[in-house]
Amino acid sequence: MKFFEKVLIANRGEIAIRVMRACRELGVETVAIYSDADTNALHVKYADEAFHVGEAPPSKSYLNIDRILEVAKKSGAEAVHPGYGFLAENYRFAHRCLEDGITFIGPSWKTIEMMGSKIGSKKTMRDVGVPVVPGTEGGVRNVDEARKISGEIGYPVLVKASAGGGGIGMQVVEDESGLEEAINAGMRIAGSAFGDSTVFIEKYLVKPRHIEFQILADEHGHTVHLFERECSIQRRHQKLVEESPCSIMTEELRERMSASAIAVAKASDYTNAGTVEFLYCDGNYYFMEMNTRLQVEHTITELVTGIDIVKQQLAIAAGEPIPFGQEGISIRGHAIECRINAEDPLNNFAADPGKIVRYRSPGGPGVRLDSGIHVGYAIPTNYDSMISKLCTYGYNRMEAIERMRRAIYEYVIIGVKTTLPLHHAIMHNKQFVEGNTHTGFLLEEHIARTLNRYVREEETRIQTLGASLRQGKEVAAISAAVNVYLHHKKNA
Ligand code: MV4
């Protein structure tokens, strides 16, 4: 079954290629779109057809709804896959697709709209009995009400934007004296960032873990979960390392959380692939939000369940029933993802766009690399700095970690600074290895202390490898990488 004859992929980079790979396996023709900045990008070459959609700024190209729908019609694509970011959670785009008779590969526009409101979705979930963080029922109407509720739930509290995402407008309030000021600031920031100044208040959870459940739901009323991922290791609300399963998961907790995740999907008439995010703290979990799209970290779920989530998305969008029940889905082994960004970890993670002059990807047992880059590729400044996703799979968590350490050593990217040394530091960090992580993990200084050393080592390694490669000594370059690795083993 190929579900569609032709699909347009309204995205770029590694995720556009990921979706096209599923299409290729199914025999579905692919249509790429590209901006002025991406004329030489891999996703353009990978597709069967490619159409220019505008200038480099996203608003002129990858967010240009009129132009993208025009290309869809011109190319004869029956469906559009939005990937993540850009138009993936834009309910207006999903609605426009519906109007134009093009299948949007994702949930209905109504579900996307509902989940876009933090307050609205939280209220729906509270009503169906899913645990939510204690706080105001809706938006803050006035400071007196906010004071009363904050006093009841107890400080510290958190002011959050209803339309928010990425922690924008979010503020911790330690005691009553800071409340009014935080509400005003939160409303101002939310208003200018989202055009909606509504804020709400929640009890502030200390050092929570971020645990999310992958969901699949078809148009015949069947909803299943593909287990959980832990994504606590992040920086400024950008995830950096994800893993599945969560290292502290128990059968009993998974039973409860997965039932809640399915209840969330049912309550929102969910169809297609989605993710229910929870905060976990001291044995309790709370619904935070639902992401109505394919996520960056879907890869690790694919590794531990063996299910191709993108193919399931296409099947569901074509009206097919999910071909397995919950009892037909199992989790096996352990998978970890490290996001490789073109950023300088020693310069406050500033983006380091530039040209990749040397590149060698890791391989071997249990390694999956999803990337959109190649030698000679100039990373555009207009888009996200994530250039690839390095995932490893192992029989258990320790083997996945060992394989990630090895894969990081094998991975050579010369020309731009990357987050590879940071991942090196994390994979060797005692607290991470023990599974002792939380959302403030990277703010604690133990990583900062070792990061300098790892970045310096990475630079030395790159120089050694670069010198060997320039002399055409591929084998010497490989042995240099292995030697650094052996050195580490000895000193571990
Ligand atoms: C919280 C929280 C603690 N208590 N809510 C951050 C992004 C936004 N979607 C929700 N976030 C948080 N909400 C309460 N009541 C801590 C965070 C948080 C966080 C959550 C998930 C992953 C990383 C995070 C990093 C800092 C704060």
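Residues numbered from 1 in each chain as written. Predicted model: local features only at pLDDT ≥ 70, side-chain atom pairs only at ≥ 80, totals over all residues. Heavy atoms only, no water.

Draft legend 1. Representation of the domain arrangement of the chain within the structure. Each assigned domain of the chain is listed here: domain 1 (6-105), domain 2 (134-203) and domain 3 (209-478). For domain 2 versus domain 3, the separation of C-alpha centres amounts to 31 Å. (Domains from an automatic or database assignment.)

Draft legend 2. Molecular detail of the sheet that holds strand S14 (residues 334-341). If you trace the eight strands from one edge of the open sheet to the other, you get S13-S12-S9-S10-S11-S14-S19-S18, paired in antiparallel fashion. Either end of the sheet is taken by a strand with one partner, and the two such strands are strand S13 (284-291) and strand S18 (367-371). Between one strand axis and the next, the sheet turns through 25° on average, direction left out of account. The sheet contact formed by strand S9 (residues 209-217) and strand S12 (residues 272-281) spans nine bridges and is antiparallel. Within S12, the position partnered with Ile215 by the bridge is Gly274. (Pairing = 2+ DSSP bridges. Helix = DSSP H or I, 4+ residues; strand = E, 2+ residues; numbered from the N terminus. Axes fitted to C-alpha atoms, helices over the stretch in contact; angles between N-to-C directions.)

Draft legend 3. View of the site of the ligand. Close to the ligand lie 15 residues, the nearest being Lys160, Glu202, Lys203, Leu205 and Gln234. Between Lys160 and the ligand, the recorded distance is 3.0 Å, taken from a side-chain N or O atom to a nitrogen atom. Counting residues per element, the ones that place at least two in the shell around the ligand are strand S6 (157-161), strand S8 (199-203) and S13. Along the lines of polarity and charge, the residues of the shell around the ligand split into seven nonpolar, four polar and four charged. Structurally, the shell around the ligand is a two-domain feature, drawing no fewer than three residues from each of domain 2 (134-203) and domain 3 (209-478). (Near = heavy atom within 4 Å. Polar contact = N/O pair within 3.5 Å; in protein donor to acceptor, adjacent residues only side chain to side chain. Nonpolar A, V, L, I, M, F, W, Y, C, P; charged D, E, K, R; others polar.)

Draft legend 4. Quick look at the pairing of S8. Of all five residues that make up S8, four are buried, and the element is covered over most of its length. One ladder, built from five bridges, connects S6 with S8; its direction is antiparallel. Counted as the bridge partner of Leu158 is Glu202 from S8. (Buried < 20%, exposed > 50% of the residue type's maximum accessible area, 1.4 Å probe, protein only.)

Draft legend 5. Up close: the sheet that holds S8. In space, the three strands of this open sheet follow the order S7-S6-S8, with antiparallel pairing throughout. The sheet is open, and its two borders are formed by strand S7 (171-173) and S8, each paired with just one other strand. Sheet twist, expressed as the mean angle between neighbouring strand axes with direction ignored, is 30°. Inspection of the sheet shows S6 paired to S7 by three bridges, in the antiparallel sense. Looking at the pairing, Val159 lines up with Gln171 of S7. Where helix H7 (residues 143-153) meets the sheet, it contacts S6 and S8, and its direction lies at approximately 15° from that of S8. (Contact = heavy atoms within 4.5 Å.)

Draft legend 6. Inspection of the packing of helix H1 (residues 13-26) against helix H11 (residues 309-317) at higher detail. It is the contact of H1 with H11, at a shortest axis distance of 9 Å, that shows an interaxial angle of 70°. By the angle between their directions, the pair H1 and H11 is classed as roughly perpendicular. In the crossing of H1 with H11, the sense of the turn from one axis to the other is right-handed. Each of Arg18, Val19, Ala22, Cys23, Glu25 and Leu26 in H1 lies in contact with H11, whose residues at this interface are Ile309, Val310, Lys311 and Leu314. Among the residues making up the contact of H1 with H11, the classes are represented as seven nonpolar, no polar and three charged. (Parallel < 35°, antiparallel > 145°, perpendicular 65-115°, else oblique. Left-handed = near helix turned anticlockwise from the far one by under 90°.)

Draft legend 7. Expanded view of the environment of Thr275. Within the secondary structure, Thr275 sits in strand S12. On the basis of relative accessibility, which here comes to 0%, the residue Thr275 falls in the buried class. Residues in contact with Thr275, not counting those within four places in the same chain, are Glu212, Phe213, Gln214, Arg229, Glu289, Met290, Asn291 and Gln295. A polar contact of 2.5 Å, which involves the side chain of Thr275, links it to the side chain of Gln295.

Draft legend 8. Examining helix H6 (residues 118-127) more closely. Every buried residue of H6 is accounted for by Lys118, Ile119, Ser121, Lys122 and Met125. Along the long axis of H6, the arc covered by the buried residues comes to 165°, so they all point the same way. Looking at the buried positions of H6, the neighbouring elements they touch are helix H5 (109-116), S6, S8, helix H9 (251-267) and S13. Just downstream of H6 lies Gly129, where phi reads positive at about 85°. (Arc of directions from axis to C-beta.)

Draft legend 9. The arrangement of the side chain of Thr111 in detail. Here Thr111 is to be found in helix H5. Within the structure, the side chain of Thr111 is placed 2.8 Å from the backbone oxygen of Ser268, a separation counted as a polar contact. Sequence-distant contacts of Thr111, that is, excluding residues within four places in its chain, are made with Ser268, Asp269, Tyr270 and Thr292.

Draft legend 10. The arrangement of the packing of aromatic side chains in detail. Going through the model one piece at a time under the given rule, you end up with eight aromatic pairs. For the pair Phe86 and Tyr383, a centre-to-centre distance of 6.3 Å together with 75° between the ring planes defines the contact as edge-to-face. Of the two residues, Phe86 is situated in the loop between strand S4 (79-81) and helix H4 (91-99) and Tyr383 in the loop between S18 and strand S19 (386-394); the sequence distance between them amounts to 297 residues. A relative accessible area of 27% places Phe86 in the partly exposed class. (Phe/Tyr/Trp six-rings, centres within 6.5 Å; stacked < 30°, edge-to-face > 60°.)

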